Amino acid sequence: MRKYALAILIALQAPASAWALNPRLVIPEFASLAQKSIDSVTITLDPALLSMASRFLDASDPQDAATQEVIKGLRGIYVRSFTFDKESAYNQSDIDAVRVQLAAPGWSRLVQTHSAKTHADVDIYIMVDKNQAVGLALIASEPRQFTIVNIVGAIDLDKLHKLEGQFGVPKLDLNASKAAPKQPDRSAPQK
Amino acid sequence: MNEDVESKLRDALRPVEPRAEFSRKLLARTLSTQAAPSKKPKVSRGAARPLVGWFSASLAACLLVAVGIQQQLHQQRLRATGLEARREVEQALRVTSQKLNLAFEAIKSQSTAPSDEKSGV
């Protein structure tokens, strides 16, 4: 009887976990692009490494303390950034594999910018669960550079504000968006 | 001539009875050589006891040093990993902030020259 009860419990939990919001993006390694690039940044910080990094931050130092506060609730930071010596060295299809994941439920596009001057496109997506940002994704495509950032965990946007001026984090009206997150933008990005 | 040599040889090789002292001396020497090895272990056992102690102590000391070195190396590895993680966190935040700046600049310039920039916040 207990076996059946356990089986039913597992069967009920399986779909629940499948529907759970997952702010972790599957970001490819982009090995071929890394070879072509003149500069690349590949950062994969899991919870263990974040916790370790936090221990090596000096709480008495204001910048370290602010960083410590920001990463406290995080479960992962994933960055892929590639710089090329010529334009059009990468295809938008390289990024589309990631962009497609942002059409999943839970993700909302917070900011979409295009600069005619620098030809830079920046899209910022946020995943909100119970009025708390649990994931952030940033895709920046420039003529000679593209960057994908995925931050997983309880992102306190107020704390991110505190980093302002220290890592050069600008003032974005994130609080307003946090209070009223936008509906997911399901429209296919036009690039 | 031959007979003379033969007689000389026979005379030289004839069996001779040992003197009475010979047997006694031989017996005494045999007994003393037998007794000597039995004494040696008694002396070496006593002398080996401190050697065993020293050996155990030095072995324990070696083990302690090895464990200490292992701990030190582990700590060094942890420290290196921690510092590398810290560097990566800082770099990740720097990259993020650079890109947030790009968006910010686009939003800012949109407010001044709406025709050049497009943004949706």
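The rules behind these values
- Residues numbered from 1 in each chain as written.
- Chains lettered and ligands numbered in written order.
- Predicted model: local features only at pLDDT ≥ 70, side-chain atom pairs only at ≥ 80, totals over all residues.
- Helix = DSSP H or I, 4+ residues; strand = E, 2+ residues; numbered from the N terminus.
- Buried ≥ 20, exposed ≤ 12 C-beta atoms within 10 Å, placed from the backbone.
- Contact = placed C-beta atoms within 7 Å.
- Nonpolar A, V, L, I, M, F, W, Y, C, P; charged D, E, K, R; others polar.
- Core = buried A, V, L, I, M, F, W, Y, C linked by C-beta atoms within 7 Å.
- pLDDT = per-residue confidence, 0-100.
- Pairing = 2+ DSSP bridges.

Remarks on the overall build of chain B
In terms of regular secondary structure, chain B is built from two helices and one strand. Listed by position from the N terminus, the elements making up chain B come as α-α-β. With 121 residues in all, chain B has 15% of them scored as buried.

Focus on the overall build of chain A
Within chain A, the regular secondary structure consists of seven helices and six strands. Listing the helices and strands of chain A from first to last along the sequence gives α-α-β-α-α-β-α-β-β-β-β-α-α. Burial analysis of chain A (191 residues in total) assigns 34% to the buried set.

A look at the interface of chain B and chain A
Contacts between the two partners involve 30 residues from chain B, matched on the other side by 35 residues from chain A. Only α2 (20–112) and β1 (117–120) of chain B provide two or more residues apiece to the side of chain B that touches chain A. The element contributing the most residues to the side of chain B that touches chain A is α2(B), with 24 residues. A breakdown of the residues in the side of chain B that touches chain A according to their chemical character gives 13 nonpolar, nine polar and eight charged.

Re the environment of A:Val152
Residues and elements named next belong to chain A. Locating valine 152 in the fold gives a position in strand β6 (residues 145–155). Classification of valine 152 by C-beta neighbours within 10 Å gives buried; the count is 23. Along the primary structure valine 152 and leucine 25 are separated by 127 residues, whereas in three dimensions their C-alpha atoms are 8.8 Å apart. In contact with valine 152, other than residues within four places in its own chain, are Pro23, Arg24, Leu74, Arg75, Gly76 and Gly135.

What to know about unusual backbone geometry
Leave glycine aside and you will find that most residues have negative phi; peptide bonds, for their part, are mostly trans. Residue and element names in this part refer to chain A. Residue serine 88 is not a glycine yet carries a positive backbone phi of 55°. Its place among the elements puts serine 88 in the loop between β2 (74–83) and α5 (92–99). On the neighbour-count criterion, serine 88 (8 C-beta atoms within 10 Å) is exposed. Here lysine 130, not a glycine, exhibits a phi torsion of approximately 50°, which is positive. Within the element layout of this structure, lysine 130 appears in the loop between β4 (120–129) and β5 (132–142). Since 6 C-beta atoms lie within 10 Å of it, lysine 130 is described here as exposed.

Section: the nonpolar core
If you look at the biggest cluster of nonpolar residues, it comprises 53 residues, and the most contacted ones within it are A:Ile77 and B:Ala103. Listed by contribution, the elements that provide at least two residues to this core are α3 (47–55), α4 (62–71), β2, β3 (107–115), β4, β5 and β6 of chain A together with α2 of chain B. The residues contacting B:Ala103, other than those within four sequence positions of it, are A:Val111, A:Thr113, A:Val122 and A:Ile124.

A look at the confidence of the model for chain A
Residue and element names in this part refer to chain A. Put simply, chain A has an average pLDDT of 78, and 71% of its residues get 70 or more. Taken as a whole, residues 9–18 scores under 50 in pLDDT and shows zero contacts with residues more than four places along the chain or in a different chain. Predicted confidence is poor over residues 172–191, with pLDDT under 50, and the contacts of this stretch with residues over four places away or in other chains come to 26 contacts.

Considerations on the pairing of β5(A)
Residues and elements named next belong to chain A. Taken across its eleven residues, β5 has nine buried, putting it largely inside the fold. Sheet analysis places β4 next to β5, joined by nine bridges and oriented antiparallel. Bridging across to β5, aspartate 123 finds its partner in isoleucine 139. The turn joining β4 and β5, which pair antiparallel and follow one another in sequence, is formed by two residues; a positive phi near 50° is taken by lysine 130. The turn linking β5 back onto β6 is made up of two residues.

Some details on the confidence of the model for chain B
Residues and elements named next belong to chain B. Of the residues in chain B, 83% have a pLDDT of 70 or more, and the chain-wide mean is 81. Mean pLDDT across the elements of chain B ranges from a minimum in β1, with 56, to a maximum in α2, with 84. Both scores are available for the predicted complex, with the pTM at 0.67 and the ipTM at 0.74.

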